[in-house]
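Overview (structure and organization)
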Amino acid sequence: MAPRLDHSGANPPAGRRSGREGPRELTAAFRRYVERVQSVPDPTPRDDLDAALVLAEEIMGHRRAASVDASLAEAYGTNIRQLAKAVRQAGKGAVAHPALLARAIVLARTLERTGSGRRAGRAQRERQLTRAAR
């Protein structure tokens with residue numbers, strides 16, 4: 001049976017998300033990110049990292065691996081903290097700022113791409129070790 005061609009494209013019928021979902025899904029994920037960032041009374045870099053990783057997971061639809069958290073924090077910690085700071089400074093109206101939404105989407109795609117690249121590299125190394133052990 002052929003796949004349906006009349007699909008709206010808001011949510012792909014199967015497989016991983018592309019990060020180009022409909023505006024409602026992106027806005028809802030960003031709203032939840034803003035709520036997470038602004039709900040922490042005394043934020044730490046770890047709080048900001050967790051919020052950014054959850055955002056990446058919600059936008060891209062991919063579960064994160066715990067082992068990449070430290071390396072992502074090291075590589076993108078400045079960007080993560082800057083976005084979180086801008087969201088806190090914007091206050092309750094942060095959801096309405098298109099520039100913040102755009103920065104959040106770019107950061108989420110970067111984190112997901114970097115994290116999945118590391119996962120793929122680790123899987124490839126494991127396969128090579130398995131073949132070498134035979």
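Scroll up to find the structure this text is about.
Right, let's walk through the structure included here. This is a predicted model, so every value here is computed, not measured.

Parameters at a glance
- Residues numbered from 1 in each chain as written.
- Predicted model: local features only at pLDDT ≥ 70, side-chain atom pairs only at ≥ 80, totals over all residues.
- Heavy atoms only, no water.
- Helix = DSSP H or I, 4+ residues; strand = E, 2+ residues; numbered from the N terminus.
- Buried < 20%, exposed > 50% of the residue type's maximum accessible area, 1.4 Å probe, protein only.
- Contact = heavy atoms within 4.5 Å.
- Areas by Shrake-Rupley, 256 points an atom, 1.4 Å probe, with all protein chains shown as cover.
- Phe/Tyr/Trp six-rings, centres within 6.5 Å; stacked < 30°, edge-to-face > 60°.
- Salt bridge = Lys/Arg side-chain N within 4 Å of Asp/Glu carboxyl O.
- Polar contact = N/O pair within 3.5 Å; in protein donor to acceptor, adjacent residues only side chain to side chain.

**Some thoughts on the overall build of the protein chain**
For the protein chain, the count of helices and strands is four helices and zero strands. In the protein chain, the order of α-helices and β-strands from amino to carboxyl end is α-α-α-α. Residues classed as buried in the protein chain amount to 33% of the 134 residues present. Residue pairs in contact within the protein chain that sit at least 24 positions apart in sequence constitute 70% of those at least 6 positions apart. Accessible surface, the protein chain as shown: approximately 8600 Å² in total, 54% of it carbon and sulfur.

**A word on the packing of aromatic side chains**
Applying the stated criterion to the full structure yields one aromatic pair. When the ring of Phe-30 is compared with that of Tyr-33, the centres are 6.3 Å apart and the planes differ by 25°; the resulting orientation is stacked. Placement of the pair is Phe-30 and Tyr-33 together in helix α1 (residues 23-39), with a separation of three residues, close to one helical turn. The residues Phe-30 and Tyr-33 share a single accessibility class, namely buried.

**Some points on the pattern of salt bridges**
Scanning the model with the defined rule gives five salt bridges in all. Note that Arg-32 and Glu-58 form a salt bridge whose closest N and O atoms lie 3.2 Å from each other. Pair noted here: Arg-32 is in helix α1 and Glu-58 is in helix α2 (residues 45-60), with a separation of 26 residues, a long-range link. Close ionic contact of Arg-88 with Asp-48 constitutes a salt bridge, the shortest N to O distance being 2.4 Å. Within this pair, whereas Arg-88 is found in helix α3 (residues 69-90), its partner Asp-48 is found in helix α2, the two being separated by 40 residues in sequence. A relative accessible area of 26% places Arg-88 in the partly exposed class. For Asp-48, a relative accessible area of 1% gives the class buried.

**Structural notes on the side chain of Asp-48**
At a separation of 2.6 Å, a polar atom in the side chain of Asp-48 contacts the side chain of Arg-81. Sequence-distant contacts of Asp-48, defined by excluding residues within four places in its chain, comprise Pro-43, Ile-80, Arg-81, Ala-84 and Arg-88.

**Description of the environment of Gly-77**
In this structure, Gly-77 sits in helix α3. Along the sequence, Gly-77 and Leu-49 sit 28 residues apart, while their C-alpha atoms lie 7.3 Å from each other.

Geometric values such as these leave the question of function open.
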